[in-house]
Amino acid sequence: MSRKRYEIGVIGCGKIWDIGHWKGLKEMPDEAHVRYVFDTDAGSARKAAEETGAALVESADAMFDDDAVDIVAICTPPFARVDYVKRACAAGKHLMLEKPMARTVDEALAIYRSIREAGVKCFIPFARALGGANRELAKMVRAGAFGEPLAFVHTNLGTPYSWVALDHWMHDQSLSGGPIFDYSIHYMELARACLGEAREVLYGAAATTGRVKSDDQATLLVWYEDGRFGELTKSWSLPPGCGYGHQTTHVVCADAVLVLGKTIEAHTPEGKRELDVGKDAPGGRGESYRNLIAAIEGDAPLHASELEGLRMNEILDAMERSRASGRKEQVVIHQ
Ligand SMILES: NC(=O)c1ccc[n+]([C@@H]2O[C@H](COP(=O)([O-])OP(=O)(O)OC[C@H]3O[C@@H](n4cnc5c(N)ncnc54)[C@H](O)[C@@H]3O)[C@@H](O)[C@H]2O)c1
């Protein structure tokens with residue numbers, strides 16, 4: 001239990017605020033309280049204010065100016081983050097900052113430096129940070145529990161996102177970065193936790209249907225340290241409404257192939273077994289806020305922080321250079 005009830009200001013009250021953050025926060029009223037909500041869309045802000053009972057403000061300044069606010073949750077699209085983060089850091093606020101951390105690596109670096117200079121804590125909700133089983137598995141893989149980690153292969157075939165219109169910002173590559181940037185980033189972060197630092201990438205993609213303003217069939221190949229390898233494929237090419245979607249995630253190690261799904265299986269020369277990993281490790285958005293609070297109160301390690309956010313933007317920056325050049329590109333890691 002936290003030492004006090006944490007006051008939260010929210011910027012961006014769209015889908016993920018509603019179905020993720022608020023869903024978690026409303027289950028922990030003694031630990032966290034939503035004090036302010038702000039959104040450039042008046043309807044979204046009003047809905048969030050009604051649900052939470054928070055004050056609806058006409059500018060985010062109100063939450064930066066109020067000393068009582070401890071945490072600012074930023075759930076805007078990735079192209080509308082850097083200014084809010086700088087102002088929140090200048091006001092000494094801790095951050096719950098949605099992924100991808102920023103639309104460009106320059107913005108990600110500015111965010112990273114603002115956070116480090118201010119000495120505030122920042123949680124970034126990647127799939128590993130949200131899922132205790134993935135977190136525990138990555139630790140075991142890195143520790144060599146299945147032999148040397150060798151490769152990470154993730155494939156997701158689907159329609160464009162069904163919960164938003166085809167002309168929503170998420171389907172516009174100039175705004176969202178495209179399908180790898182928005183979706184596969186979760187598995188890129190898990191891959192890094194399993195395989196280490198990315199060194200080079202090659203991006204191959206096509207806009208096959210013209211339904212969205214984006215590549216809709218995309219594959220990113222990643223070469224990691226020590227010759228490890230990753231492949232991430234994301235498709236938005238399936239016909240909207242067809243009702244089909246398919247996802248597979250494999251971690252290949254020298255002594256086992258791990259199959260991640262609703263359960264985690266290890267296939268070895270001795271046979272197949274279901275791993276009892278992370279079953280008790282907490283996950284979900286409420287747990288994200290608890291982890292952030294534990295980091296604020298006692299320096300507990302964050303499940304994913306601005307460092308992981310920056311590392312992902314560095315890979316994505318090399319991906320965008322590879323998209324332009326058609327060649328393999330180096331991942332530039334900032335210190
Ligand atoms: N971690 C996860 O599992 C997960 C899942 C879904 C979405 N996301 C991420 O969360 C972010 C938001 O996604 P979403 O699905 O909620 O999108 P959304 O479009 O539903 O919501 C974004 C909200 O931000 C508001 N907004 C836009 N510009 C703003 C600005 N300058 N100031 C204040 N408000 C502004 C919009 O009006 C909208 O209400 C994206 O980066 C997305 O990738 C993360």
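Just above sits the structure.
Chemist: How should helix H11 (residues 306–325) be read in this particular structure?
Modeler: One turn of the α-helix equals 3.6 residues, which is why residues spaced by three or four share an orientation. A rise of 1.5 Å per residue sets the reference length of H11, with its 20 residues, at 28 Å; its end C-alpha atoms lie 28 Å apart and thus fit the reference within 8%. Among the 20 residues that make up H11, 14 are buried, leaving the element largely enclosed by the rest of the structure. Within two residues after H11, Gly326 carries a phi angle of roughly 75 degrees, on the positive side.

Chemist: Looking at this structure, I do not really get the sheet that holds strand E4 (residues 71–74). What am I missing?
Modeler: Within a sheet, neighbouring strands are paired by backbone hydrogen bonds and run either parallel or antiparallel to one another. Read from one edge of the open sheet, six strands run E3-E2-E1-E4-E5-E6, paired in parallel fashion. Pairing within the sheet leaves two strands with one partner each, and these edge strands are strand E3 (55–56) and strand E6 (122–123). Pairing of strand E1 (residues 6–11) with strand E2 (residues 32–38), which is carried by six bridges, proceeds in the parallel orientation. By the bridge assignment, Val10 is partnered in E2 with Val37.

Chemist: Help me understand the sheet that holds strand E12 (residues 257–260), please; the structure alone is not making it clear to me.
Modeler: Taken in spatial order, the nine strands of this open sheet run E14-E13-E12-E11-E7-E10-E9-E8-E15, and their pairing is mixed. Edge positions in the sheet fall to strand E14 (271–274) and strand E15 (329–330), since each has one partner strand and no second. When E12 meets strand E13 (residues 264–268), the two strands line up antiparallel, connected through four bridges. Bridge assignment links Val257 to a residue of E13, and that residue is His267. Strands in contact with helix H9 (residues 179–195) are strand E7 (149–157), strand E8 (198–206), strand E9 (217–224), strand E10 (229–235) and strand E11 (246–253); relative to E10, the strand with the most contacts, it is inclined by about 160 degrees.

Chemist: Can you walk me through the pairing of E8 in this structure?
Modeler: Strand residues, when the strand is regular, have side chains that alternate between the two faces of the sheet. Two strands pair when backbone bridges link them, and E8 and E9 are joined in this way by eight bridges, in the antiparallel orientation. Bridge pairing in E9 links Val201 to Val222. With two bridges joining them, E8 and E15 adopt antiparallel strand pairing. Looking at E15, one finds that Val201 is bridged to Glu329.

Chemist: Would you take a moment to explain the packing of helix H4 (residues 82–90) against helix H5 (residues 105–118) for this structure?
Modeler: When two helices pack together, their arrangement is given by the angle between the helix axes and the distance between those axes. Remark: H4 packs on H5, axes separated minimally by 9 Å, with the N-to-C direction vectors making an angle of 10 degrees. Taken as axis vectors, H4 and H5 run roughly parallel relative to one another. Of the residues in H5, those touching H4 at Val82, Val85, Lys86 and Cys89 are Glu107, Ala110, Ile111, Ser114, Ile115 and Ala118. Partitioned by chemical class, the residues of the contact of H4 with H5 number seven nonpolar, one polar and two charged.

Chemist: Can you walk me through H9 in this structure?
Modeler: For H9, the principal kink sits at Ile185 and spans about 60 degrees. Burial runs high along H9: 17 of the 17 residues are buried. With its phi angle positive at about 105 degrees, Gly196 sits one or two positions after the end of H9.

About the thresholds
Each chain carries its own residue numbering, running from 1 in the written order of its sequence. Only residues with pLDDT of at least 70 get local features here, since the model is predicted, and only at 80 or more are side-chain atom pairs given and counted; chain-wide, interface and lining totals rely on the full set of residues. What counts as a helix is a DSSP run of H or I of at least four residues, what counts as a strand is a run of E of at least two, and both are numbered from the N terminus. Under the convention used throughout, the expected extent of a helix is 1.5 Å for every residue step, that is, one less than its residue count. Burial in this document is a count-based property: other C-beta atoms within 10 Å of a residue's C-beta are tallied, and the residue is buried at 20 or more, exposed at 12 or fewer, or partly exposed in between, with C-beta positions derived from the backbone. Note on pairing: DSSP must find at least two bridges between two strands before they are called paired. A residue pair is marked as a contact if its C-beta atoms, positioned from the backbone, fall within 7 Å. Comment: axis = line fitted to C-alpha atoms, over the contacting stretch for helices; angle = value between 0 and 180 degrees taken between N-to-C directions. By the definition adopted for this analysis, an angle is roughly parallel if under 35 degrees, roughly antiparallel if over 145, roughly perpendicular if from 65 to 115, and oblique otherwise. By the convention adopted, Pro, Cys, Tyr, Trp, Phe, Met, Ile, Leu, Val and Ala count as nonpolar, Lys, Arg, Asp and Glu as charged, and the other residues, Gly among them, as polar. Consider a residue and the seven residues that end there alongside the seven that start there; fitting an axis to each set, the bend is the angle between those axes.

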